[in-house]
Amino acid sequence: NMRKVKPTPEDEARYGLSVVEETLWNAVPEHYRVIDDSLRQIGAAPLPMDAQLITLGSWMGGDRDGNPFVTHDITKRIVYLSQMRACKLYYTEVESLLWTLSMHGEPSEQMRKWLQENTEPEILVADTAR
């Protein structure tokens, strides 16, 4: 199918963000895991938690010198769109972690002690019923 209408800068940004969501979002962390595992296999130290092996950039919404349809307002809308899509991705990941990391059953004595030492008293109301 051929497009009959030229995509707007916002359309192009949506297509580009789809690439990030569908491929890069999972591929980049997987790439880091492969490198980290390879380092461990040869006896080297793993990647530090703040390792930055890849820097991603984008022109989406910022091509002001080459596209007369990219205005200040378009750039603002695309930045906002990008932020909202990123928030959605992170929200989905955190929500998944909540289910993965949820605790079931009674906390251990060690956990109970830690909670008492590190939590405000009003939060431990459920614990006082024991």
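Refer to the structure above for everything that follows.
Anyway, here's the lowdown on the structure attached to this text. Just so it is clear, the structure is predicted and the values come from calculations on it, not from any experiment.

Further remarks concern the packing of helix H1 (residues 9–41) against helix H2 (residues 72–101). Helix-helix packing: each pair is described by the crossing angle between the helix axes and the interaxial distance. Put simply, H1 and H2 touch, their axes get as near as 10 Å, and they point 25° apart. Taken together, H1 and H2 sit at an angle that is classed as roughly parallel. Between H1 and H2 lies a crossing of right-handed hand. Residues Pro 9, Glu 10, Ala 13, Arg 14, Leu 17, Ser 18, Glu 21 and Trp 25 of H1 lie in contact with H2, whose contacting residues are Ile 74, Arg 77, Ile 78, Leu 81, Ser 82, Arg 85, Leu 89, Tyr 90 and Glu 93. Its residues assigned to classes, the contact of H1 with H2 comprises nine nonpolar, two polar and six charged.

As a further point, take H1. In this model, H1 (33 residues) spans 45 Å end to end at C-alpha, consistent with the 48 Å of a helix rising 1.5 Å per residue. Among the residues of H1, Pro 9, Glu 10, Ala 13, Gly 16, Leu 17, Glu 21, Tyr 32 and Asp 36 are the ones counted as buried. Packed against the buried residues of H1 are H2. Among the residues trailing H1, Gly 43 stands out with phi positive, at a value near 85°.

On the surface, Val 19, Leu 24, Leu 53, Ile 54 and Leu 56 cluster together into a nonpolar patch covering about 410 Å² of accessible area. Tracing the backbone through its elements, the reader meets Leu 56 in the loop between H1 and H2.

A word on the environment of Val 20. With respect to the helices, strands and loops of the structure, Val 20 is situated in helix H1. On the basis of relative accessible area, Val 20 is assigned to the partly exposed category, the value being 29%. Val 20 sits 47 residues away from Asn 67 along the chain, and the two C-alpha atoms are 22 Å apart.

This model, assessed by the stated rule, comprises eight salt bridges. The residue Arg 77 makes a salt bridge to Glu 10 at a minimum N-O spacing of 2.0 Å. Highlighted residues: Arg 77 in helix H2 and Glu 10 in helix H1, separated in sequence by 67 residues. On the basis of relative accessibility, which here comes to 45%, the residue Arg 77 falls in the partly exposed class. The class for Glu 10 is buried, based on a relative accessible area of 13%.

Ala 13, Leu 17, Met 60, Ile 74, Ile 78 and Leu 81 together form the largest nonpolar core, which totals six residues. Secondary-structure elements contributing two or more residues to this core are H1 and H2. Considering each element in turn, this core owes the most residues, three residues, to H2. Excluding its chain neighbours within four sequence positions, the residues that come into contact with Leu 17 are Met 60, Leu 81, Ser 82 and Arg 85.

This part takes up the side chain of Arg 85. Locating Arg 85 in the fold gives a position in helix H2. At a separation of 2.4 Å, a polar atom in the side chain of Arg 85 contacts the side chain of Glu 21. Filtering out sequence-adjacent residues up to four positions away, Arg 85 remains in contact with Arg 14, Leu 17, Ser 18 and Glu 21.

Reading the values: the criteria
Residues numbered from 1 in each chain as written. Predicted model: local features only at pLDDT ≥ 70, side-chain atom pairs only at ≥ 80, totals over all residues. Heavy atoms only, no water. Axes fitted to C-alpha atoms, helices over the stretch in contact; angles between N-to-C directions. Helix = DSSP H or I, 4+ residues; strand = E, 2+ residues; numbered from the N terminus. Parallel < 35°, antiparallel > 145°, perpendicular 65-115°, else oblique. Left-handed = near helix turned anticlockwise from the far one by under 90°. Contact = heavy atoms within 4.5 Å. Nonpolar A, V, L, I, M, F, W, Y, C, P; charged D, E, K, R; others polar. Expected span 1.5 Å × (residues − 1). Buried < 20%, exposed > 50% of the residue type's maximum accessible area, 1.4 Å probe, protein only. Patch = residues over 30% accessible without salt bridge, like charges linked within 9 Å, V, L, I, M, F, W, Y side chains within 5 Å. Areas by Shrake-Rupley, 256 points an atom, 1.4 Å probe, with all protein chains shown as cover. Salt bridge = Lys/Arg side-chain N within 4 Å of Asp/Glu carboxyl O. Core = buried A, V, L, I, M, F, W, Y, C linked by side-chain atoms within 4.5 Å. Polar contact = N/O pair within 3.5 Å; in protein donor to acceptor, adjacent residues only side chain to side chain.

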